[in-house]
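A look at the structure
Listed below, chain by chain, are the residues.
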Amino acid sequence: MRMDVNKGLPATESRRDLHVWIIERVMEGRWLGDGPAELSLGTLLSQNLRMAPVPEKAYGNFFEEHCYIVLHVPQSLKATQGACSDLHYWAGKEAGAEAQDAAEAFVQQLQETLGGATVQHREAQGHESDCFRSYFRSGIIYRRGGLASALTHVETNLYNIQRLLHVQGRKHVSAAEVELSWSSFNKGDIFLLDLGKVMIQWNGPETSIPEKARGLALTCSLRDRERGGRAQIGVVDDEVEATDLMRIMEAVLGCRVGNVPATRPDKSVNQLQKASVRLYHVCEKDEDLVIQELATCPLTQDLLWEEDYYILDQGGFKIYVWQGRLSSLQEKKAAFSRALRFIQAKGYPTYTNVEVVNDGAESASFKQLFQSWSTKQRGNKNFGRLSKSIQVRPDVGKLQSQPELAAQLRMVDDASGKVEVWCIQDLGRQPVDPERHAQLCAGNCYLVLYTYQRMGHVQYILYLWRGHRATTRDVKALNCNAEELDLMYRGALVQEHVTMGSETPHFLAIFQGQLVVFQGHTGHDGKEQPAPATRLFHVQGTDSCNTRTVEVPARASALNSHDIFLLVTASICYLWFGKGCSGDQREMARTAVSAVSGENKETVLEGQEPPGFWEALGGLAPYPSNKRLPEDVSGFQPRLFECSSHMGHLVLTEMVFFSQEDLDKYDIMLLDTWQEIFLWLGEAASKWKKEAVDWGQEYLKTHPAGRSPATPIVVIKQGHEPPTFTGWFLAWDPYKWTNDQSYKEVVDGSLGAMPAICEITAVSTGFSRPAPSQLPPGSRLGRHDPDGQNGQERSQALVDGRVCSGGKRPSGLSVASAWEPLLHTPSLSPLSEQELNDFQLSRGPSNGGADPLTLQTLKGSQDGSGNELQPGPKAGDASTNSHHSSPRPTINGSLPRERLMHQAVEDLPEGVDPARKEFYLSDSDFQEIFGKSKEEFYSMAKWRQQQEKKQLGFF
C-alpha cells in the first residue's frame, strides 16, 4: 500500500476552520475532479480510492456507504479556547473494510504532515463524539446508500424528492433516512416527511418542547440549505387538530393501522457510567500486545512517561490513546489498530469512540480525567487562554469593560458595592449588624446579598455561605430563604453556593480581606457561644481578594512554617510569623486580625517564641513546614455541557468550541471552569433551578478526577449573566434574546412570510383536478363548505412558508386569506377532500403498514431552478379577504436594489413582502450587499438575519 501525495495537501490555510473529505472510488480508472485540493491513494486491496473535498454547502450530510475525513483547524480567536487541531475519520454503518482502511491511512498521512498538535478521532455513525457533532450546529443528516462523485454530494433546489427522516437528539441533532412507512415511527421521536416543496414535521406525543424546537431548527436548515428557502413547512403537534397535514402524510405513507409504537429506550450514557477510568500501559512483546493496568481514578499526571504509550479506558464509553513524545513512530502509526484490539479484548461495541492524543497536545476532555494538569510539567507548550497568568496586580477598574479579565480573576467588580448579610436562625433569616458582617460562624449558614451597577444597570449576587458544622436543617432553610429573596427581586439574583474554606475571590473582597470564621455557632438570641480562654486563628492570603482568617484547634500541630497565626489568650495576643511567610502575607495579616485581637498583640517570629506561647498551645509539638502550593489550573480549559436526566442520573452533552449561540431558552447548561461550576438556566427552564443545583453537585461527585464537593456552584438565569460568566465566551451580545421567540410562536407563524412558490399536487392515473375557479363557493383548503364556515374551522395549513399548527394560524389571517396565494397561482390548486379520498392506497394486512403507494404521489415542481418569485400577499391587501378576488400580480425575476433598500412599506413595489425585502434582490446584488449568498444568509440564526437587515436598510 503506497500513498500518492504528489498533489499536495488540501488547502487548510484558508479562512475556513472546517474541512470535510469523502473517501470514494475512482470511476472507470479516472480521477474525478482532479485538483490541488485532493489526496489520492494508489491501490488498496485492488480497489482505487481517493479523498475528495465535500462542497461546503453539503457539510453535515453523510452517506452511509462511505467514510469521511473531517479536519478542524482553529482560526484566529477560536484558537484562544485552548483547542488543538482535531482530525476525525468517520465510518458509515454500511462502509466497507477497504474504505475504512483507506480513511485510517489518509488520517495517518495528514497527521504526519500537520504535526503533533493534532488530536485524532475515530467516529462511527450514530455514535459520534460531542466534538464531532459540535461542528454541525444545524444537525447531521445520514443519507442512505452512496454517491458516484463528491461533486454531486448535495443538490440545491431539488424538489422531486420523497423521503422520511428520523430526527433524534437534544442539543446535537441528527436525522437518518428510514423506510417511508408508518412502521418507522415511534412516540418519543420526531419524523420529517420531506416532499420537496413541502416538509411536514411530525412530533411524537412524548417529545419535549426543546426536542421539537431543535427538530424544527433542523427542518428550517434543510429548507434553507437544500431548497434555497423555497419550501413550505408544516408541523403536526396534535394529529386530531392537524387533519389536513395528516391527510397528506397518509396519502404518502398509507392509512395507519393501530397505534404508533412506544418510545424506544434511551441509550444515553450518564455521568455515573463515565466516572470509572482506568489507565493501562501498552507495549508489544514477541508480536503480542501486552496491556498492564497501572491505576484507577483519581489519576495523576506523573503516571504518564514521555517515552511510553498508554490506553485510558473511560468506563467503556470512550478509549483514549496517549502517545509520549519519545514513543516510537511505529507505535504512533499503530494507535488506532491497538485501540481496536483493546476494544475487542474488552468486549466493547465496535462503535466505541477512540481518541488519540499526543504528549503536549492533549484535549480538554483528556486533561480533566486527571486530578490536576500542569502545562509546565515537561515544558509543554500550552494552547489555552487559561495559561495566561497575570504576573502583575491587575487593574480592577477594567473589570467593567473587560469581561474576560473578570472571568479570569473571578471578580464582577472592585467589590465596592452594597453588602447585606443575614444569618439563618430558626428556619428564618436574621439581619446581621453591619459592624459584624465579616464575622461568620462555622456552625451557621448565611445569605450575603451584593448589589452593584454594571453598564448603568443594577445587578445582584446572592451568596449562600455554608459553614462546615452547619446542620442539614440549616442548609435546607438557607435554600428556602434564598428562594424567597429571589422572588422578592423577581428572579434577578445570581445565586452562588459557597462552602466554608472555598470562598471565591469576590466574596472575600467584599469583606476587604477581614473575613473571620469562628468555630461554634450563633444561638437563638443572635449571640455566639461562650468563647474558650485560648483560641488560635489561621491567617491566609496576600491581598483583599484571597485573605481569610479561620479559627483552628488551639494546639501546636496546627501551625505551619509558611503561614501566619494569631494566638488569643486571656491576657495577651500573639501574632506568629512563620519563617516562610512573605511580606505581603505579614502586611495583610496585621489588617485582618484587628477585629479579633484589638490593639494588645505581640509579634512573634518562628523560633523566637516566649514560653507563654507554647504553654497556651499545650506544649511544643511537631508541625508542618511544607508550603501549600495553590492549585494549578493552567492546564484546564472551560467546558460547556447541556444537562438532562435519565433514569434519575445526570446526562451531559458537551458543546465543544462553545459560544453564546449554544445557550437556548429551554436549556440548563453547565459551564465548568474548574475553579467554579456555573449553571445557566434558560428562560423556559428556570423552574428546574433546584434540580440544576443537584445536578451540579452530582457532576462534582461523579467526576473522574475526584473533584472537591466544595467547589462553588453559581446559578444564573437567562438575561442576568455576570461578567464572570460571560467572560468565558469569546463574544457576548446582551441583546441576543431581546426578540427571542418560543417554539409555539415559531410554529404559529413567526418564521416570517416567504414567497408562495410551493405547490401540492396529486398525480394519479385517470385523475384530473378542478382549477381553483371551478371550486364551489365557500370552499377552503379543497373542501366544499356550503355554509361558508371554513373560515372559522380549526385546520392546519401551510401559509406563505409560515408554520401553522394545531389549527392556529397567524394573527390577522383567515384560513381563506392564508391560502389565497396558493389558490390564485395559475399552476396551483389545493387538494380537495374528494381528491384526497380518491387516492388509491394499498395496505398490507399483516402489520398494518402501508405498502408502496399505487397511482399516487405528492409531487413538487419539475422545474428546480425556482427562478420565478411568487411572493405572498402584502398585509392588509384587500385581495386577501375574498376567494373570488382577482389574482395578485407576481414578480418575475428580481428588483433593483434602489426600489428595496431604505423603503417604507407603502413605497414598496406591488407584491413585495415588506418582511422579506432582501429576497427580491438578484443573486449578484444580494452577494454584493450582504457579502454572502441567499442560502448562506437564510441558514443563519433569525436574530442575526434581522441585525444585518437593519444595518443594510432592508428591515
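Below, the structure is looked at part by part. A quick note: this is a predicted structure, and the numbers were derived from the prediction, not measured.

**As for the overall build of the protein**
For the protein, the helix and strand inventory stands at 22 helices and 42 strands. Out of the 955 residues belonging to the protein, those deemed buried represent 56%. Excluding contacts between residues fewer than 6 apart, the proportion of contacts in the protein whose partners are at least 24 apart in sequence is 68%. Carbon and sulfur atoms make up 49% of the accessible area of the protein, which totals about 41200 Å².

**With respect to the sheet that holds strand 35 (residues 677–681)**
An order of 21-20-23-24-25-36-35-34-32-33 is seen for the 10 strands of this open sheet, with the pairing classed as mixed. Strand pairing shows two members of the sheet lacking a second neighbour, strand 21 (428–431) and strand 33 (649–655), which therefore form its edges. Strand after strand, the sheet turns through a mean of 25 degrees between neighbouring axes, direction not considered. Relative to strand 21, strand 20 (residues 418–425) runs antiparallel, the two being bridged by 4 bridges. Bridge pairing in strand 21 places Gln425 opposite Gly428. Across the sheet, helix 10 (residues 472–488) lies against strand 20, strand 21, strand 23 (445–454), strand 24 (457–466), strand 25 (493–499) and strand 36 (713–717), angled at about 30 degrees from strand 23, the strand it touches most.

**Digging into the pairing of strand 27 (residues 535–540)**
A large share of strand 27 lies buried, amounting to 5 of its 6 residues. In this structure, strand 27 lies alongside strand 29 (residues 564–568), joined through 5 bridges in antiparallel fashion. By the bridge assignment for strand 29, Val539 is matched with Ile564. Sheet topology places strand 27 next to strand 28 (residues 548–552); 5 bridges connect them, and they run antiparallel. By the bridge assignment, Gln540 is partnered in strand 28 with Arg548.

**Here's the deal with empty space enclosed by the protein**
Here the structure, examined in full by the defined rule, presents 5 cavities of 30 Å³ or more. Here the second largest cavity defines a volume of roughly 80 Å³. Taken together, 13 residues make up the lining of the second largest cavity; nearest its centre are Val412, Ile461, Glu496, Glu676 and Thr724. Among the secondary structure elements, those contributing two or more residues to the lining of the second largest cavity are strand 24 and strand 25.

**Some points on the pairing of strand 11 (residues 174–178)**
By the criterion of burial, strand 11 is predominantly enclosed, with 4 of the 5 residues buried. Judged from the 3 bridges that link them, strand 9 (residues 140–143) and strand 11 form a sheet pairing that is parallel. Across the sheet, Tyr142 pairs through a bridge with Ala176, a residue of strand 11. Pairing of strand 10 (residues 163–168) with strand 11 involves 5 bridges; the strand directions are antiparallel. Opposite Val167, over in strand 11, you have Ala175 as the bridge partner.

**Focus: the side chain of Arg548**
With respect to the helices and strands, Arg548 occurs in strand 28. Since its relative accessible area comes to 13%, Arg548 is described here as buried. Once you skip the residues sitting within four places of it in the chain, Arg548 turns out to touch Gly501, Ser502, Glu503, Leu508, Leu515, His538, Val539 and Gln540.

**A short note on the pattern of salt bridges**
For the structure shown, the criterion picks out 38 salt bridges. The shortest N-O distance in the salt bridge between Glu24 and Arg50 comes to 2.2 Å. With Glu24 in strand 2 (residues 18–25) and Arg50 in strand 4 (residues 47–53), this residue pair connects regions lying 26 residues apart in the sequence. Judged by relative accessible area, which is 1%, Glu24 ranks as buried. Arg50 sits in the buried class, given a relative accessible area of 2%. With a closest N to O distance of 3.5 Å, Glu918 and Lys949 form a salt bridge. Here Glu918, found in the loop between strand 42 (891–892) and helix 20 (923–930), pairs with Lys949, found in helix 22 (residues 942–952); they are 31 residues apart in sequence, far enough to count as distant. Taking relative accessible area as the criterion, Lys949 reaches 5% and is therefore assigned buried. Taken together, the shared-partner salt bridges in this structure form one network comprising Arg163, Glu177, Asp194, Glu226 and Arg227.

**Quick word on unusual backbone geometry**
The amide bond that connects Cys297 to the next residue, Pro298, takes the cis arrangement and shows omega of 0 degrees. Phi angles above zero are rare outside glycine, and Phe657 is one such case at about 55 degrees. Residue Phe657 is classed as buried on the basis of its relative accessible area of 15%. Although it is not a glycine, His902 sits at a positive phi angle of roughly 55 degrees. Topologically, His902 is positioned in the loop between strand 42 and helix 20. Look at His902 and you get exposed, because its relative accessible area is 62%.

**As for the sheet that holds strand 26 (residues 516–518)**
The 7 strands are arranged 22-26-28-27-29-30-31 in an open sheet whose pairing can be described as mixed. The sheet terminates laterally at strand 22 (439–441) and strand 31 (601–605), the two strands that pair on one side only. Recorded for the sheet is a direction-independent mean angle of 25 degrees between the axes of neighbouring strands. Across 5 bridges, strand 29 lies against strand 30 (residues 573–577) in antiparallel orientation. In the sheet register, Val568 faces strand 30, and the bridge partner there is Cys573.

**Side note on helix 12 (residues 583–592)**
Turning to helix 12, its buried residues are Gln585, Met588, Ala589 and Ala592. The arc that holds the buried residues of helix 12, viewed along the axis, is 105 degrees, so those residues lie on one side. Of the surrounding elements, those touching the buried residues of helix 12 are strand 26, strand 27, strand 28, strand 29 and helix 13 (594–597).

**Some remarks on the side chain of Arg639**
Residue placement: Arg639 occurs in strand 32 (residues 639–646). Separated by 2.7 Å, the side chains of Arg639 and Glu654 make a polar contact. The residues contacting Arg639, other than those within four sequence positions of it, are Ala364, Ser365, Gln368, Glu654, Phe658, Leu670, Leu671 and Asp672.

**Re the environment of Glu65**
Secondary-structure assignment places Glu65 in the loop between strand 5 (61–63) and strand 6 (67–72). Exposure remark for Glu65: the relative accessible area of 44% places this residue in the partly exposed category. Sequence separation of Glu65 and Gly146 is 81 residues, and the distance between their C-alpha atoms is 5.1 Å. Beyond its immediate stretch of four places on either side in the chain, Glu65 contacts Glu94, Ala95, Gly145 and Gly146. Within the structure, Glu65 has its side chain in polar contact with the backbone nitrogen of Gly146 (distance 3.4 Å).

**Considerations on the state of the cysteines**
By the definition in use, this model includes 0 disulfides. With no disulfide partner, Cys423 has as its closest neighbouring cysteine sulfur the one in Cys441, 7.2 Å distant. Cys423 gets classed as buried once you look at its relative accessible area, which sits at 3%.

The rules behind each value
Residues numbered from 1 in each chain as written. Predicted model: local features only at pLDDT ≥ 70, side-chain atom pairs only at ≥ 80, totals over all residues. Heavy atoms only, no water. Helix = DSSP H or I, 4+ residues; strand = E, 2+ residues; numbered from the N terminus. Buried < 20%, exposed > 50% of the residue type's maximum accessible area, 1.4 Å probe, protein only. Contact = heavy atoms within 4.5 Å. Areas by Shrake-Rupley, 256 points an atom, 1.4 Å probe, with all protein chains shown as cover. Pairing = 2+ DSSP bridges. Axes fitted to C-alpha atoms, helices over the stretch in contact; angles between N-to-C directions. 1 Å grid on protein atoms, 1.4 Å probe; cavity = no way out; pocket = protein on both sides within 12 Å on 5 of 7 lines; lining within 4 Å. Points joined across faces, edges and corners; volume = space filled by probe spheres on them. Salt bridge = Lys/Arg side-chain N within 4 Å of Asp/Glu carboxyl O. Arc of directions from axis to C-beta. Polar contact = N/O pair within 3.5 Å; in protein donor to acceptor, adjacent residues only side chain to side chain. Disulfide = S-S within 2.5 Å.

Geometric values such as these leave the question of function open.
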